[in-house]
Amino acid sequence: KAVLEMMRYPEREMTLTAILASMNVAEICGLQWKCVNLSGSQTESDGQTIPPKTIAVRRQWYRGELNEVKKIRARALPIPDALLPILLALKGRVRYTDPDDFVFVSQAGTPVNETNVASRRLKTIGEELHMPWLSWQVFRRTHKTLLYNFGVDYQSRFAMTLSQ
């Protein structure tokens, strides 16, 4: 909780996406609005149906390039209730909400560079909280740990701790 309180955009939203939706940082950085269905009905994107309140993991931003994820990594992830208001707020911003725009963008509209955010923000937060090992991988593993400890209901338990 202390880590999240020290975070700001984009690392806070990216961290919550990693923890709640179990996406890796390359998938998060490569996420485009056309692959996010925030509505209550199914939509179509690039010839594929996306169910209601679902993230279609199709691409990743890795080493400065947008690529398709491996077939085994392509999946449809339900958007957890705790993540929905975060994504709705991002969708409500003034710029960078067109289908081909990235969900997590720099001020210039380019995908967030995970290495820059990690070195500038995560490292600083980690040092301040005596957690020098803080990294994107930690947050991805947090999803698995919460799932193991609390079962499927972990998302609502995690959402409760955020609101306290």
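To start, this report covers the structure provided alongside it. None of the values given here were measured: they were computed from a predicted structure.

About the criteria used
- Residues numbered from 1 in each chain as written.
- Predicted model: local features only at pLDDT ≥ 70, side-chain atom pairs only at ≥ 80, totals over all residues.
- Heavy atoms only, no water.
- Helix = DSSP H or I, 4+ residues; strand = E, 2+ residues; numbered from the N terminus.
- Buried < 20%, exposed > 50% of the residue type's maximum accessible area, 1.4 Å probe, protein only.
- Contact = heavy atoms within 4.5 Å.
- Areas by Shrake-Rupley, 256 points an atom, 1.4 Å probe, with all protein chains shown as cover.
- Pairing = 2+ DSSP bridges.

### Quick word on the overall build of the protein chain
Okay, so step 1: Across its full length, the protein chain holds seven helices and seven strands.
Okay, so step 2: In the protein chain, buried positions account for 47% of the 164 residues.
Okay, so step 3: When contacts within the protein chain are restricted to residue pairs at least 6 apart in sequence, long-range pairs at least 24 apart make up 59% of them.
Okay, so step 4: Summed over its atoms, the accessible surface of the protein chain is roughly 9200 Å², and 54% of this surface lies on carbon and sulfur atoms.

### What to know about the pairing of strand β4 (residues 54-57)
Across a regular strand the side chains alternate sides, sitting on one face of the sheet and then on the other.
Okay, so step 1: With burial as the criterion, each face of β4 is covered, one bearing T54 and A56 and the other bearing I55 and V57.
Okay, so step 2: Relative to β4, strand β1 (residues 36-37) runs antiparallel, the two sharing two bridges. When the bridges of β4 are listed, N37 appears paired with T54.
Okay, so step 3: Where β4 lies against strand β7 (residues 75-78), four bridges are found, and the strand directions are antiparallel. Each bridged residue has a counterpart across the sheet, and for I55 the counterpart in β7 is L77.

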